[in-house]
Structure formats: structure tokens, C-alpha cells
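Structural overview for review
Given next are the chains, with one letter for each unit.
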Amino acid sequence: ILNVEQSPQSLHVQEGDSTNFTCSFPSSNFYALHWYRWETAKSPEALFVMTLNGDEKKKGRISATLNTKEGYSYLYIKGSQPEDSATYLCAPLEPTNSGYSTLTFGKGTMLLVSP
Amino acid sequence: DGGITQSPKYLFRKEGQNVTLSCEQNLNHDAMYWYRQDPGQGLRLIYYSQIVNDFQKGDIAEGYSVSREKKESFPLTVTSAQKNPTAFYLCASSIEGGTGYNEQFFGPGTRLTVL
């Protein structure tokens, strides 16, 4: 099982602040990294699937970067809004003995944005 | 509406009883997954299935069983052998799961409480 670390564990910012958090994972045998957003009382939703070193993906005010050589990914939120309040999960891909690959989820970063 | 449904939302069972959690998807996805969430932990993979009539154990399969007789259905049975069954259970699916590059779509979850 991969060791996936997300930091910080939780974050409280004011509306309009920009913020970022980190996902660390083993850099050897990297295949892909998924980011999900999980709002309270809703289902997790995919934000990004990242595969290449140096990848940068953007969706509205949210963007993510990937460094596979050093084993980390950053998620940035520009101008946070209350609706960005959620837990953000990262999950690198791990090959299995069955020949398939599965996701190993970090514990997440819980973001609270106050108006 | 296409999506994943899980029922029921809340489930209570007495210790020693088996219980089956339902997961249905109408997205025509090949791959389906069961995760468990406990406080302070990331999502942990219980079982997954890449195609009909085939499934593999995840990281914490002990005390659980699944079947995949139909593409759209992937029920999870929590048996009396599962030592700590009280948890939040999430079902997910993806177009195909072999490579792991496709995002996963999640259901709303079932909270199981064993009394």
C-alpha cells in the first residue's frame, strides 16, 4: 500500500484568500494521480487526473501541478469562495498483482472558507 | 439522470448479522469499486471489479464479499466475520479500470451501524 501524505490536515481561510495544499507520494513507479473534491453530504467528485511530470491542470479557480520526480502534487485555489469548502483528496495509482491498478487515497485536506 | 445509487442511506444491524449494501450504476461503466471510510482515515479499497463475473480483493477485503453478475450492479455483503463493520461505505465506478487513468464516479454512500 502506497504511503500518501496530505498537508495540511485542515485549513481555514477567509473568502478571497488564495490557498494551496500538498499531496506527497512515493516517486518510484509513478503512473497517475487523481484529485477529488468531497463536499459535506455529497459524493466525491473528480477534479483532475494527472499523469506527466510537470503537468499543470486548471478548472476555474482551481489548478494543480505535478512533480513525479520528487513525488508531490500541489492543489491551488485562487480567490477562495465559501462554496470551495470541502475535503480535497489525492490518490496516486498503484499497480496490483492482478494486473489492474487501483487508487490509494490520502486522508485529505479539509478546507473551510468563511465569508 | 445517469449516476450511481446506493441504498439505503443509513443501515442498522445487530452484531452477528450479515448485511448487503446495494450499488447500482447506469453509466455503462465496466469497473466498479467499494471503499470504506473511517474517521481520520483515507478511503480504503475493499473490493473492485473490472468486468462482469470478475472481482478482486482490495486492501481490506477480510469479512466482506461481493458479486458482479450484472454490469450495473455490485452489491457488497458485510459478514459477521468483519470485526469492525460500523463505517461509511462508498461505491464508485469508472469507464474502465484497467489502467486507472479514468476518473471514478461515486455514489452517495451508506452509513452502516452495527449495534
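Scroll up a little and you will see the structure.
The number of helices and strands found in chain A is 0 helices and 11 strands. Starting at the N terminus, the α and β elements of chain A follow one another as β-β-β-β-β-β-β-β-β-β-β. In terms of C-alpha radius of gyration, chain A reaches 14 Å, essentially the compact-globule figure of 13 Å for 115 residues. Taken over the C-alpha atoms alone, chain A extends approximately 45 × 30 × 20 Å along its principal axes. Counting across all 115 residues of chain A, residues that qualify as buried make up 50%. Long-range contacts, defined here as pairs at least 24 residues apart, represent 53% of the contacts in chain A between residues at least 6 apart. About 5,700 Å² of surface is accessible on chain A, with carbon and sulfur atoms providing 46% of the total. When the 9 positive and 11 negative side-chain charges of chain A are each reduced to one mean point, those points stand 4 Å apart.

Moving on: the interface of chain B and chain A. Taken together, the contacts link 25 residues of chain B with 23 residues of chain A. Together, the buried faces of chain B and chain A total about 1,900 Å²; carbon and sulfur atoms form 62% of this surface. In terms of surface lost to chain A, no three residues of chain B exceed Leu43(B), Tyr101(B) and Phe106(B), which account for 27% of the buried area on that side. If you look at where chain B meets chain A, you find 0 salt bridges.

Right, let's get into the nonpolar core. The biggest cluster of nonpolar side chains holds 21 residues, and the ones touching the most others in it are Leu33(A), Trp35(A), Phe48(A), Leu75(A) and Tyr88(A). Those elements that place two or more of their residues in this core are strand 3 (19-24), strand 4 (33-38), strand 5 (45-50), strand 7 (62-67), strand 8 (72-77), strand 9 (86-95) and strand 11 (109-114) of chain A. Aside from chain neighbours lying at most four places away, what touches Tyr88(A) is Gln6(A), Phe21(A), Trp35(A), Tyr36(A), Arg37(A), Leu47(A), Ile62(A), Leu75(A), Ile77(A), Gly108(A), Thr109(A) and Leu111(A). Counting 20 residues, the second-largest nonpolar core is a separate cluster that includes Cys23(B), Ala61(B), Tyr64(B) and Cys91(B).

On to the side chain of His34(A). Along the polypeptide, His34(A) turns up in strand 4. For His34(A), a relative accessible area of 0% corresponds to the buried category. Reaching out from His34(A), the side chain makes a polar contact with the side chain of Tyr36(A) at a distance of 2.9 Å. If sequence neighbours within four positions are ignored, His34(A) has contacts with Phe48(A), Val49(A), Leu89(A), Cys90(A), Ala91(A), Leu103(A), Gly100(B), Tyr101(B), Asn102(B) and Glu103(B).

If you walk through the whole model with that rule in mind, you get 13 aromatic pairs over all chains. Measuring from centroid to centroid gives 5.3 Å for Phe21(A) and Tyr88(A), while their planes differ by 45 degrees, and the two rings are tilted. Here Phe21(A), found in strand 3, pairs with Tyr88(A), found in strand 9; they are 67 residues apart in sequence, far enough to count as distant. Here the two residues Phe21(A) and Tyr88(A) agree in accessibility, since each one is buried. Ring geometry for Tyr74(A) against Tyr76(A): centres 6.1 Å apart, planes inclined by 75 degrees, an arrangement best described as edge-to-face. Clustering of aromatic rings is evident, with ring pairs tying together Tyr36(A), Phe105(A), Tyr33(B), Tyr35(B) and Phe106(B).

Turning our attention to the pattern of salt bridges. The final tally for this structure, using the stated rule, is 5 salt bridges over all chains. Here Glu39(A) ties to Lys42(A) by a salt bridge, and the two come within 3.9 Å at their closest N and O atoms. A salt bridge links Arg44(B) to Asp38(B); the shortest N-O distance between them is 2.8 Å. Relative accessible area serves as the criterion here: at 11%, Asp38(B) is assigned to the buried category. Each of Arg36(B), Asp38(B) and Arg44(B) takes part in one network of salt bridges that share partners.

Thresholds applied
- Along each chain, the written sequence defines residue order, and numbers are assigned to residues from 1.
- All chains are assigned letters beginning at A, and all ligands numbers beginning at 1, according to the order in which they are written.
- Thresholds applied to this predicted model are a pLDDT of at least 70 for local features of residues and 80 or more for the giving and counting of side-chain atom pairs; totals over whole chains, interfaces and linings are not thresholded and use all residues.
- Each side-chain value is worked out from all heavy atoms of the structure, with water and hydrogens disregarded.
- Strands here are runs of E lasting at least two residues and helices are runs of H or I lasting at least four, both read from the DSSP assignment and numbered beginning at the N terminus.
- Here the globule rule is a power law, 2.2 Å times the number of residues to the power 0.38, and the radius of gyration is based on C-alpha atoms.
- Burial classification: accessible surface area is computed with a 1.4 Å probe over protein chains only, and a residue below 20% of its type maximum counts as buried, one above 50% as exposed, and the rest as partly exposed.
- Any pair of residues with heavy atoms lying within 4.5 Å of one another is described as a contacting pair.
- Per-residue accessibility takes into account occlusion by the displayed protein chains alone, with areas from the Shrake-Rupley method and a 1.4 Å probe.
- In this tally Asp and Glu are treated as negative and Lys and Arg as positive; neither His nor the chain ends contributes.
- Charged groups are reduced to one reference atom each: NZ for lysine, CZ for arginine, CG for aspartic acid, CD for glutamic acid.
- Two parts lose some accessible area (1.4 Å probe) when they are put together, and adding that loss for both gives the buried area.
- Salt bridge, as used here: a side-chain nitrogen of Lys or Arg that lies within 4 Å of a carboxyl oxygen of Asp or Glu.
- As used here, the term nonpolar core means buried Ala, Val, Leu, Ile, Met, Phe, Trp, Tyr and Cys residues forming a set that is joined through side-chain atoms within 4.5 Å.
- Counted as a polar contact is a pair of N or O atoms within 3.5 Å, where, for protein atoms, one must be capable of donating a hydrogen and the other of accepting one, and residues adjacent in sequence contribute only when both atoms are in side chains.
- Only Phe, Tyr and Trp rings are paired, with Trp represented by its six-membered ring, and only when their centres lie within 6.5 Å; those with planes under 30 degrees apart are stacked, over 60 edge-to-face, the remainder tilted.

The analysis is restricted to geometry; functional conclusions fall outside its scope.
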